[in-house]
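Given next are the chains, with one letter for each unit.
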Amino acid sequence: MTNRLAFAQSLYLRKHAENPIDWWSWCDEAISTAKSQNKPIFLSIGYSSCHWCTVMEGEAFSDFQIAEYMNANFLPIKVDREERPDIDSIYMQALQMMSGQGGWPLNVFLSPDDLVPFYAGTYFPVEERYGRPGFLQVLQAIRHYYDTEKQDLQQRKAVILESLLTSAVLQTETVAETQDNQLLQKAWETFTGIITPNQQGNSFPMIPYAQMALQGNRFDFTSRYDSKQICTQRGLDLALGGIFDHVAGGFHRYTVDPTWTVPHFEKMLYDNGQIVEYLANLWSGGVEEPSFKRAIAKTVQWLQREMTAPEGYFYAAQDADSFITQEDLEPEEGAFYVWSYSELEQLLTSEELTQLEQNFTVTPNGNFEGQNVLQRLNSEQLSSNVEAILEKLFVARYGNNSRELETFPPASNNEQAKSDNWQGRIPAVTDTKMIVAWNSLMISGLARAYAVFSEPQYLELATQATKFILDNQFVDGRFHRLNYQGKPSILAQSEDYALFIKALLDLHQASLKTQNQSSFWLEKAISLQDEFNEYLWSIELYGYFNTANDASQELIIRERSYIDNATPAANGIALSNLVRLTLVTDNLQYLNLAEQGLIAFRKVMNSTPQACPTLFVALDWYRNCTLIRTVKERINSLISQFLPVAAFVEVSDLPQNSIGLVCQGLKCLAPAQNEEQLLQQVVSSYKRGE
């Protein structure tokens, strides 16, 4: 028997449709029912490719005793964080306040009358283990507390709500322009330290940090770090490590060790878009490692083969877990990607196996539960023989060679994964929804890769996805965040606006190489920025709220996202966009908004720079932005270089005997008479923050 979630569009919600728990989705009816029945709300938030969310769904949420108590004593609500990041952000902040840490699944208990949280946790096992209490005991204790400790409950809620409100209304702090350089240097040192290799813990891509560290390399800041080497090492760890799928392309979410060896195997679109852009920037900055170019090319192949809908947009994610046989009851983590030594012995000749062992981490004992995750042992270009060996593994996994397998239809749920007639292994489930913000990150990555490598396929894929969003995500003149099988859903949030405007600006710049719709992308960016400003800009506090002013009624606070997580924070991206729009339109109103936004977040930037690298990217744009006006041929020669805070405008009416005009913010330098002078002016302009 299914519950209400059987009719949900979200794959994550539908995964819970067979639970005995009487789940509701987040809606007015659910909240009013909780009020009328005086039931505390049990709010559970996760996402489809979350491993521990899947574990809890199969354990505690499938337990009939737990369900019976839950249904009688709580109003259970399920939320897909990828649908509603605004809800997730508020209650994740509450969890971090209560416990000092966060993660998913996010399980929060709310008072039904005001939706204020009073207890929160992550994964709860059915029985007490892992140092965690059994879930039924947690539910019983919380219901007893709710019924008998009313005064303490009110005091606890008041403290939590005050903390949430305080965090939402940031104190402003004005910093003199002369202090901006010190602030940038302090932040650059912080971010470089954060991405410095360490010997403990998990390894995450952390691209917002790496990007700002890379941008700071152009300054002659004194530091105890060799920043260029550290940024290069981050690229090598990504391109050579087990986090990368060396057989078929695409990056996994993170590794569970400090050596970049064993990944948590889900592949998220947002990680891949950011990594493609970062590796392209490294290459354009002179770090021309063959592994970077290969990783980008293989990732684009994976994207086109497995993650691109027929309509042109990109799917959201692929699960970490997959079935080994159709008879399995539960999927196994990493099963689609790992190799037993005996299997390799069967697939390869002894000479081929020896070659594979010379280039990758392959041993009889393996490095992941007796299996082998492939990790490269050196950064040299792979020989044609080794590529042929990897192609054999591709055929074993997919049942066909990579040249003929142009598209690999997704398994959209566990039932399809187990029932379809796959020629190779059973693939992981793909979450086929379209998320504007995540598509935008990939569009930006593809646009940058095209600008650097001039591969037409990169621009073509980016263009197709962008056109789908422009053609399908506006309903009654309003921008929408999601698309399920051709149907737009949920009003766009700040990250959707900010990242899609960035993608449009990135396409505008990359398309200058071809003159292919360059002005069209800019027009769309300007139009969307107007809507962004109208519905999400805070006139009193400055910066952008996470949700529109007509879509925030059910939220206990309105947040302005500035903390970078797995994806860059909306306000950092948005403020950079405003400076870029100023450069290419000469509209100073954009610059005024950027200045106000930086004032709003300056105190946070000064006190906790480690939280907000993308805001420092915006500060770098604001302080050091450079506009290069020149002819198309010269743009083609410059745009593939790493000029992190520069924008290009094509002109034909340059002053006599000049080849280009470089403008620093609101002033222009003398017209450049030759290539050498032009390049010197560009370099001195974007380094003037020293």
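These numbers were taken from a predicted model, which means no experiment stands behind them.

## A few points about the state of the cysteines
Scanning the model with the defined rule gives two disulfides in all. Note on cysteine connectivity: Cys 50 is disulfide-linked to Cys 53, with sulfurs 2.3 Å apart. Because the torsion about its S-S bond is 80°, the bridge between Cys 50 and Cys 53 counts as right-handed. Exposure class is identical for Cys 50 and Cys 53. Each is buried. Disulfide pairing is shown between Cys 663 and Cys 668; the S-S distance is 2.1 Å. Here Cys 663 and Cys 668 share a disulfide; its torsion about the S-S bond, 85°, makes the bridge right-handed.

## Remarks on the nonpolar core
In this structure, Phe 135, Phe 500 and Phe 616 are the most contacted members of the largest nonpolar core, which totals 176 residues. At 13 residues, helix 17 (residues 436-453) tops the list of elements feeding residues into this core. When sequence neighbours within four positions are dropped, the list of residues in contact with Phe 616 reads Leu 183, Leu 184, Ala 187, Phe 191, Met 212, Met 605 and Pro 609. Phe 323, Phe 368, Phe 408 and Ile 426 belong to the second largest nonpolar core, which has 35 residues in total.

## A few points about the pairing of strand 4 (residues 106-110)
Here is the key point about a regular strand: its side chains alternate between the two faces of the sheet. By the criterion of burial, strand 4 is predominantly enclosed, with five of the five residues buried. Here strand 4 shows no split at all, with Leu 106, Val 108 and Leu 110 on one side and Asn 107 and Phe 109 on the other all buried. Examined bridge by bridge, strand 2 (residues 41-46) and strand 4 share five bridges and lie antiparallel to one another. By the bridge assignment for strand 4, Ser 44 is matched with Asn 107. Note that strand 4 and strand 5 (residues 117-121) share four bridges and pair antiparallel. In the strand pairing of strand 5, Val 108 is matched with Ala 120. The antiparallel hairpin formed by strand 4 and strand 5 contains six residues in its connecting segment, where Leu 115 sits at a positive phi of about 65°.

## What about unusual backbone geometry?
With an omega dihedral of 5°, the bond running from Trp 104 to Pro 105 counts as a cis peptide bond. Within the secondary structure, Pro 105 sits in the loop between helix 5 (85-99) and strand 4. Phi angles above zero are rare outside glycine, and Asn 38 is one such case at about 50°. On the secondary structure map, Asn 38 appears in the loop between helix 2 (28-37) and strand 2. Even without being a glycine, Gln 485 presents a positive backbone phi close to 50°.

## Focus: the sheet that holds strand 9 (residues 317-318)
Strand order in the open sheet formed by three strands is 8-9-12, and the pairing between neighbours is antiparallel. Looking at strand neighbours, the two that pair on one side only are strand 8 (267-268) and strand 12 (430-431), the edges of this open sheet. Pairing of strand 8 with strand 9 involves two bridges; the strand directions are antiparallel. Across the sheet, the residue bridging to Lys 267 is Gln 318, located in strand 9.

Reading guide: rules and limits
Residues numbered from 1 in each chain as written. Predicted model: local features only at pLDDT ≥ 70, side-chain atom pairs only at ≥ 80, totals over all residues. Heavy atoms only, no water. Disulfide = S-S within 2.5 Å. Buried < 20%, exposed > 50% of the residue type's maximum accessible area, 1.4 Å probe, protein only. Core = buried A, V, L, I, M, F, W, Y, C linked by side-chain atoms within 4.5 Å. Helix = DSSP H or I, 4+ residues; strand = E, 2+ residues; numbered from the N terminus. Contact = heavy atoms within 4.5 Å. Pairing = 2+ DSSP bridges.

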